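Listed here are the chains, written in short residue letters.
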Amino acid sequence: MVEAVVIDVFSLAANLQSNIRGLLRNTLEAIEKSPSIPAPFVYVMCCQREGSQRNGEQESLLPALRDFPSLKKRLELVHALTAAAAWYAIKQSLDEKDLSIIKVVLPTSRKGLMKVYIDLLFTAVYQFEFEDLQVASDCENLQRTEPEGEGQVLATQDVVLIQREIQRYLESMPSLKGELTILRSSLIPDDIFLHGFTTRTGGISYIPTLSSCNLFSSSKRRDPQVVVQENLRRVAKAAGFNPETFHRVKVDHANAVCILGKTEPDSYDGIVTNQKGVTIAAPGADCIPVLFADPVRKACGAAHSGWKGTLLGVAMATVNAMVAEYGCNVKDILVVLGPSVGPCCYKLPHESAKEFHRIDPKCVRLFDSASPSVDIRRATRILLESGGILPENIQDDSVTDQNQNITFCTACHPDQFYSHVRDGTNFGTQIGFISIKD
């Protein structure tokens, strides 16, 4: 059942207000008579001309809306200078109301154009259907002389223009929830490597569990890729790396490692490189983003280590790739464990916890319970040390004497970090990143 209706009169000429009012009245009448219970929310998308008074334009459309009192509290006029700004405002309202099934009523000639905006600004969480805006025969000048067919593909240059419009709009948006903050380790030499761990502040993602510097988009979340890319652009600008040469692991919760420059696997949780100026990264939202640096051979790596990847040895798999590919000595490799869920907040079923107990009993608390608490950081450290990494070359603030400045518990610090355990399925993601300086 349709939850919201978007009526697009954005492209209709400002000097045809009487015709627009008629179109609106007809469309709203059809919506009001539909059997939907409750009635859908309605958004009328209008163009706010440069230099025009918003109130004046709004008043010109109000006569078409006053005859529909049942929709009064569910109807919103959305004025904006660009279609990108209008769609983004509508998306914010949809997300606030947790609406996902949307009908778009629009001129036939606009359908291809609007589908591009929708594809870029929305994810597969939302379902869209389209209906033609019924234009009267005496209003032919409201349509293009050659309307696009249903299957007609929009010209590449038009798509590029829309992408740029959206990008400019997102770049203009203020940062949310505080300044952008990047955590850095004193263990990794900053004269050779650029590195850091992001936090959740300083981006533009506005959905509570994703706010504000979310760095991952998926078909199950409401943050589109264009928003994630804008957040990444801001991180790159603050950190000093090039977002165009950025490579993030393709998470599979396993132990495959990608050697940058060689054939890329379909999925992998570790990545290594010795190329200068290329930034590699691993995500984390309870799972550990692990960074590796060899200042002797000038090579680096990043790994995503959740409980499955930890048991499968993804951290040592990344170390072994650096040794095999770049001739690194295990004793030269520095390893930093980033923000991740601590044993204070992380439980696993007893069968899974037993695997951690075999690594070391200290990795499990309340072992005899149905859901013991598990320390994936301690397990990662033990496996690294068993593989030859020197204890003093591993930074894990939760078990060392250093002041805690990197390895925070993500679930315990909602103002600083995202957490799947704490926030549920629509969770945000931070990253650990590293590159070799030119």
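Please refer to the structure higher up on the page.
Reading the values: the criteria
- Residues numbered from 1 in each chain as written.
- Predicted model: local features only at pLDDT ≥ 70, side-chain atom pairs only at ≥ 80, totals over all residues.
- Heavy atoms only, no water.
- Helix = DSSP H or I, 4+ residues; strand = E, 2+ residues; numbered from the N terminus.
- Buried < 20%, exposed > 50% of the residue type's maximum accessible area, 1.4 Å probe, protein only.
- Areas by Shrake-Rupley, 256 points an atom, 1.4 Å probe, with all protein chains shown as cover.
- Core = buried A, V, L, I, M, F, W, Y, C linked by side-chain atoms within 4.5 Å.
- Domains from an automatic or database assignment.
- Expected span 1.5 Å × (residues − 1).
- Arc of directions from axis to C-beta.
- Contact = heavy atoms within 4.5 Å.
- Pairing = 2+ DSSP bridges.
- Axes fitted to C-alpha atoms, helices over the stretch in contact; angles between N-to-C directions.
- Phe/Tyr/Trp six-rings, centres within 6.5 Å; stacked < 30°, edge-to-face > 60°.
- Lys NZ or Arg CZ within 6 Å of the ring centre and 35° of its normal.
- Disulfide = S-S within 2.5 Å.
- Parallel < 35°, antiparallel > 145°, perpendicular 65-115°, else oblique.
- Left-handed = near helix turned anticlockwise from the far one by under 90°.
- Nonpolar A, V, L, I, M, F, W, Y, C, P; charged D, E, K, R; others polar.

> I'm lost on the overall build of the protein in this one. Help?
Across its full length, the protein holds 11 helices and 18 strands. A buried classification covers 52% of the 438 residues belonging to the protein. Total accessible area computed for the protein in this model is approximately 19,700 Å², and 49% of it derives from carbon and sulfur atoms.

> Where do I start with the nonpolar core in this structure?
Across soluble globular proteins, nonpolar side chains show a tendency to be buried alongside one another. Core analysis: the largest hydrophobic core is formed by 40 residues, its most contacted members being Trp 87 and Tyr 117. Looking at this core, the elements with two or more residues in it are strand 1 (4-8), strand 2 (41-47), strand 3 (75-80), helix 3 (83-97), strand 4 (101-106), helix 4 (111-121) and helix 5 (156-171). Sorting elements by how many residues they give to this core places helix 3 first, with eight residues. Domain assignment of the residues forming this core places at least three in each of domain 1 (4-135 + 158-172) and domain 2 (182-436).

> Mind showing me how you'd approach helix 8 (residues 314-326) here?
Residues three or four positions apart in an α-helix share a direction because the helix packs 3.6 residues into each turn. With 13 residues, helix 8 should reach 18 Å at 1.5 Å per residue; the first-to-last C-alpha distance of 18 Å fits that figure. Turning to helix 8, its buried residues number three or more, namely Val 314, Ala 315, Met 316, Thr 318, Val 319, Ala 321, Met 322 and Tyr 326. With its phi angle positive at about 70 degrees, Gly 327 sits one or two positions after the end of helix 8.

> How should I be thinking about helix 5 in this particular structure?
Its 16 residues place the ends of helix 5 22 Å apart at the C-alpha level, agreeing with the 22 Å of an ideal helix rising 1.5 Å per residue. Buried within helix 5 are the following residues: Ile 162, Glu 165, Ile 166 and Leu 170. Seen from one end, helix 5 has its buried residues packed into an arc of 130 degrees, which puts them on one side. Exposed and facing more than 90 degrees away from the buried side of helix 5 are Thr 156, Gln 157 and Arg 168. Buried residues in helix 5 make contact with helix 3, helix 4 and helix 6 (225-239).

> What exactly am I supposed to notice about the sheet that holds strand 5 (residues 127-132) here?
Strand pairing within a sheet occurs via backbone hydrogen bonds; the two strands may be parallel or antiparallel. With respect to topology, five strands assemble into an open sheet ordered 3-2-1-4-5, the strand pairing being parallel. Only two strands of the sheet have a single partner each, and these edge strands are strand 3 and strand 5. Neighbour-to-neighbour, the strand axes of the sheet open up by a mean angle of 20 degrees, direction not taken into account. Relative to strand 2, strand 1 runs parallel, the two sharing five bridges. Paired with Asp 8 across the bridge in strand 2 is Met 45. Strands strand 1, strand 2, strand 3, strand 4 and strand 5 of the sheet are contacted by helix 3, whose axis makes an angle of about 165 degrees with strand 2.

> Would you mind showing me how to read the sheet that holds strand 7 (residues 193-198) here?
Strand order in this open sheet of five strands is 6-7-18-11-8, and the pairing throughout is mixed. Lying at the two open borders of the sheet, with one neighbouring strand each, are strand 6 (182-183) and strand 8 (246-248). Summarising the sheet, strand 11 (residues 279-284) and strand 18 (residues 430-436) pair through six bridges and their orientation is antiparallel. Bridge pairing in strand 18 places Ala 282 opposite Gly 432.

> What is the right way to read the packing of aromatic side chains from this model?
Geometry of an aromatic ring pair is reported as the spacing of the ring centres plus the angle between the planes. Throughout the structure, instances matching the rule amount to nine aromatic pairs. The interplanar angle of 80 degrees and the centroid separation of 6.4 Å between the aromatic rings of Trp 87 and Phe 128 together place this pair among those described as edge-to-face. Linking Trp 87 in helix 3 with Phe 128 in strand 5, this pair joins segments that are 41 residues apart in sequence. Relative accessible area serves as the criterion here: at 0%, Trp 87 is assigned to the buried category. Here the aromatic rings of Phe 408 and Phe 417 are separated by 5.7 Å at their centres, their planes lie at 35 degrees, and the arrangement is tilted. Each member of the pair, Phe 408 as well as Phe 417, carries the same accessibility label: buried. By the ring-pair criterion, three or more aromatic residues cluster together here, those being Trp 87, Phe 122, Tyr 126 and Phe 128. Of note, Arg 74 hangs over the ring of Phe 41, and the distance from its end group to the ring centre comes to 4.0 Å. The ring of Phe 130 carries Lys 115 above its face, with NZ or CZ at 5.1 Å from the centroid.

> Honestly, the state of the cysteines in this entry has me stumped. Any pointers?
Any covalent bond linking the sulfur atoms of two cysteines counts as a disulfide. Inspection of every chain in the model, using the stated rule, returns zero disulfides. With no disulfide of its own, Cys 300 has Cys 328 as its nearest cysteine by sulfur position, at a separation of 9.5 Å.

> How do you make sense of the packing of helix 3 against helix 4 when you look at a structure like this?
How two helices sit against one another is set out by the angle between their axes and by the gap between those axes. Packing of helix 3 against helix 4 brings their axes to within 11 Å, and their N-to-C directions diverge by 50 degrees. Relative to helix 4, the element helix 3 is oriented oblique. Crossing hand, helix 3 versus helix 4: right-handed. Residue-level inspection shows Ala 83, Ala 84, Trp 87, Tyr 88 and Lys 91 of helix 3 in contact with helix 4, the latter providing Met 114, Tyr 117, Ile 118 and Leu 121. Considering only residue class, the contact of helix 3 with helix 4 consists of eight nonpolar, no polar and one charged.

> Just checking my understanding: could you explain the pairing of strand 1 for this structure?
Walk down a regular strand and you will see the side chains alternate between the two sheet faces. For strand 1, the buried fraction is high: five of the five residues fall into the buried class. The alternating pattern of strand 1 places Ala 4, Val 6 and Asp 8 and Val 5 and Ile 7 on opposite faces, both of which are buried. Pairing of strand 1 with strand 4, which is carried by four bridges, proceeds in the parallel orientation. Each residue of the ladder has a partner; that of Val 6, found in strand 4, is Val 104.

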